[in-house]
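Structural features, examined
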Amino acid sequence: MDNIGLNIPQSVGIIMDGNGRWAKKRGLPRTMGHKAGCDAIEKLLPEAGKIGIKYLTVYAFSTENWKRSKDEVDGLMQLFRYYAMRLLKAAKEGNVRIRMIGDRRRFPKDIIESINKLEAETVSNTGLTFIVAANYGGRDEIRRAAMKLAIDYKEGRIDESFIAEASERYHEGELTEEGFAAYLDTAGIPDPDLIIRTSGELRLSNFLTWQSAYSEIVVTDTLWPDFDREELLNCIRQYNQRSRRFGGV
Ligand code: IPE
Ligand code: IPE
Ligand code: MG
């Protein structure tokens, strides 16, 4: 691992924004910006592992991104098909475990199959966990979790360990926060310590709504295709200036 003298966040989320603006600046179609964005992820992935990040979550496609033109959405699906194969190879070589969060049921059948394959074939890898948020929305994730929970409750399948004893925090018999979080797509993945957004926008756009409660947020003006290891280290340097209090003093 690189010895860079920084306190490295264990779990990092990235809102990869600005592909369209990157393309526009060059007079290229938006899809070329997305392609350059995919190249940026591919280059960053091994660097994130070397820096010492354990969980990297990238926002690739939101539940709202279906509003874009058919051309742009189709272009993104084609890119996914192409990069899925490259990603599998890179993950196998780099001991990376891949997970997808979001509702994959809306994707074409071949893409669902390739998502399942990416997860299944990397499940025993022990290095960086790379989480791709695709057809992901924080509210949609909470809604789906609530539905699964309601069904389990009805069928008497709630795990005993999710039920609270009386304490300062809970009344006897209530569902705990950990119990609820186990129903989210991110079950088992630590909440992001740091969320980075590229391209300057000061919002979360439905990313990790539950999990971001205490994340530190760093926004950079750099457009996503230009984001690299040096930019990531700059964001971590800003994170290192923050005092995380979690409601304490
Ligand atoms: C982010 O880049 C990638 C996706 C949302 C798929 P954008 O496509 O949102 O780029 P801008 O915001 O238009 O520049
Ligand atoms: C957020 O970017 C979604 C992804 C990066 C996948 P958007 O470009 O969709 O967000 P808004 O529309 O600016 O909020
Ligand atoms: Mg955008």
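These numbers were taken from a predicted model, which means no experiment stands behind them.

**With respect to the overall build of the protein chain**
Check the secondary structure of the protein chain and you find seven helices and six strands. In sequence order, the protein chain lays out its α and β elements as β-α-α-β-α-β-α-β-α-α-β-β-α. Taken over the C-alpha trace, the protein chain has a radius of gyration of 19 Å; the compact-globule value for 249 residues is 18 Å, and the two agree within 12%. Principal-axis analysis of the C-alpha atoms places the extent of the protein chain at approximately 60 × 45 × 35 Å. Within the protein chain, the proportion of its 249 residues that are buried is 47%.

**Focus on the side chain of Asn-206**
Assignment of secondary structure puts Asn-206 in the loop between β5 (194-197) and β6 (216-219). A distance of 3.0 Å separates the side chain of Asn-206 from the backbone nitrogen of Arg-139, its partner in a polar contact. Dropping the residues within four chain positions of it, Asn-206 is found in contact with Tyr-59, Thr-63, Glu-64, Tyr-136, Gly-137, Gly-138 and Arg-139.

**So, the site of ligand 1**
Taken together, the neighbourhood of ligand 1 is formed by Met-16, Asp-17, Gly-18, Asn-19, Gly-20, Arg-21, Arg-30, His-34, Ala-60, Asn-65, Arg-68 and Glu-72. At 2.9 Å from an oxygen atom of ligand 1 is found a main-chain nitrogen or oxygen belonging to Gly-20. Between ligand 1 and the protein, one listed contact pairs an oxygen atom with a side-chain N or O atom of Arg-30 at 2.8 Å. Elements with a contribution of two residues or more to the shell around ligand 1: α1 (19-25) and α2 (30-51). If you tally residues by element for the shell around ligand 1, the top one is α1, at three residues.

**Observations concerning the site of ligand 2**
The full set of residues close to ligand 2 is Ile-15, Met-16, Asp-17, Tyr-59, Ala-60, Phe-61, Asn-65, Arg-68, Arg-197, Arg-203 and Ser-205. The separation between an oxygen atom of ligand 2 and a polar side-chain atom of Ser-205 is 2.6 Å. When the free accessible area of ligand 2 is taken as 390 Å², the share hidden by the protein chains comes to 78%. Per-element tally for the shell around ligand 2: the top contributor is strand β2 (residues 55-62), with three residues. Among the residues forming the shell around ligand 2, the class breakdown is five nonpolar, two polar and four charged.

**Here we look at the packing of α2 against helix α3 (residues 70-94)**
Where α2 meets α3, the closest approach of the two axes is 10 Å, and the angle between their N-to-C directions is 25°. Comparing the axis directions of α2 and α3 gives the class roughly parallel. Crossing hand, α2 versus α3: right-handed. Contact residues: Arg-30, Thr-31, His-34, Lys-35, Cys-38, Asp-39, Glu-42 and Leu-45 in α2; Glu-72, Gly-75, Leu-76, Leu-79, Tyr-83, Arg-86 and Leu-87 in α3. The residue inventory of the contact of α2 with α3, partitioned by class, reads six nonpolar, three polar and six charged.

Conventions adopted
Residues numbered from 1 in each chain as written. Chains lettered and ligands numbered in written order. Predicted model: local features only at pLDDT ≥ 70, side-chain atom pairs only at ≥ 80, totals over all residues. Heavy atoms only, no water. Helix = DSSP H or I, 4+ residues; strand = E, 2+ residues; numbered from the N terminus. Rg over C-alpha atoms; globule rule 2.2 N^0.38 Å. Buried < 20%, exposed > 50% of the residue type's maximum accessible area, 1.4 Å probe, protein only. Polar contact = N/O pair within 3.5 Å; in protein donor to acceptor, adjacent residues only side chain to side chain. Contact = heavy atoms within 4.5 Å. Near = heavy atom within 4 Å. Areas by Shrake-Rupley, 256 points an atom, 1.4 Å probe, with all protein chains shown as cover. Nonpolar A, V, L, I, M, F, W, Y, C, P; charged D, E, K, R; others polar. Axes fitted to C-alpha atoms, helices over the stretch in contact; angles between N-to-C directions. Parallel < 35°, antiparallel > 145°, perpendicular 65-115°, else oblique. Left-handed = near helix turned anticlockwise from the far one by under 90°.

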